[in-house]
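# What the coordinates show
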Amino acid sequence: MRNTKKTVEYVLLTLLAFFFIFPLLWMVSSSLKSEESIYQDLNSVQALLPSFQITEWLSTYTELFSRFDIGTYLFNSVFYALLVTVGAIVVNAMAGYAFAKFRFRGKNIMFSLLLAMLIIPVETIIITQFTIIHNLGLVDNRLAVIIPLIANAFFIYLFRNFFIAVPDSVIESAKMEGAGHWTIFWRIMLPMSKPAVATVGTLAFIGSWNDYIWPLMILTDSDKYPLQVAITSINATEPVFINQVMAILTISTIPLIIVYIVAQKYLLQGLSSSGSGQK
């Protein structure tokens, strides 16, 4: 009976996994075949398989790079994502450390207001955000893409819960050795918070990489476009080839898969510990 139950669970999980992987398989395989083959194979299993002619695998990507400046768009996306990731880790970790270990008037009220921001959709403040960037003279500036994505209420909450679980005796011992809060943060607290750092870094990277609406609003120079914004332009440039569209989507997906695989261990630990803190 137990073996039968496990078998059914594995079958259902396998079907569910295939349901989610199916679009990814079709996207990658379509990028490795000719335009005609995509339409010919739509109603067969071959739709999930690349072309049997290996010479066709790279032809789509070669044509895509020859038509569009993909290298520039990739550089922009990586540049934005890396700076947002580093900034998000440092800024949110410092804020989380302050909420966890500092005592100051109004701390609980401020933290409650911070948590309340989690229920506010980003779309409701994007116009105000644009107005602020415009008043700062940062329209069509790369900094305008990076700065708004650094501070995040959920990231602060995650770091705060992780730091609050660290015994105060650790900090007191460091203070007795002459260490200040800045030294304690950089040399003790931040190295101890690898799961939180990996979680915030991964989520910040993914958020920046997938960001579309904000860069589209704030940037006017196409040479500064990240890959996600450039994909829209590529899809609207005649002639539109499905295999090239699938190729650019595959390129935009690969970094996310790599980042998740590398940080998967710490990501699961960080998310599982995010609700373990105490007020």
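Just so it is clear, the structure is predicted and the values come from calculations on it, not from any experiment.

### Observations concerning the overall build of the protein chain
In terms of regular secondary structure, the protein chain is built from 14 helices and zero strands. In sequence order, the secondary structure elements of the protein chain are arranged as α-α-α-α-α-α-α-α-α-α-α-α-α-α. Reported as C-alpha extents along the three principal axes, the dimensions of the protein chain are approximately 70 × 65 × 35 Å. A burial count over the protein chain gives 38% of its 279 residues as buried. Restricting the contact set of the protein chain to residue pairs at least 6 apart, pairs at least 24 apart contribute 77%. In the form shown here, the protein chain has an accessible surface area of approximately 16400 Å², with 68% of it arising from carbon and sulfur atoms. If the 17 positive side-chain charges of the protein chain are averaged to one point and the 16 negative ones to another, these points end up 22 Å apart.

### Looking at the nonpolar core
Core analysis: the largest hydrophobic core is formed by 52 residues, its most contacted members being L64 and F163. Tallying contributions element by element places helix 4 (residues 70–101) first for this core, with ten residues.

### Things to note about the environment of A263
Counting through the fold element by element, A263 comes out in helix 14 (residues 242–272). Exposure remark for A263: the relative accessible area of 11% places this residue in the buried category. Taking the C-alpha atoms as reference points, A263 and I164, 99 residues apart in sequence, are found 23 Å from one another. Beyond its immediate chain neighbours, meaning those up to four positions away, A263 contacts A198 and T202.

Each value, and the rule that gives it
Residues numbered from 1 in each chain as written. Predicted model: local features only at pLDDT ≥ 70, side-chain atom pairs only at ≥ 80, totals over all residues. Heavy atoms only, no water. Helix = DSSP H or I, 4+ residues; strand = E, 2+ residues; numbered from the N terminus. Buried < 20%, exposed > 50% of the residue type's maximum accessible area, 1.4 Å probe, protein only. Contact = heavy atoms within 4.5 Å. Areas by Shrake-Rupley, 256 points an atom, 1.4 Å probe, with all protein chains shown as cover. Lys, Arg positive; Asp, Glu negative; His and termini not counted. Charge placed at Lys NZ, Arg CZ, Asp CG, Glu CD. Core = buried A, V, L, I, M, F, W, Y, C linked by side-chain atoms within 4.5 Å.

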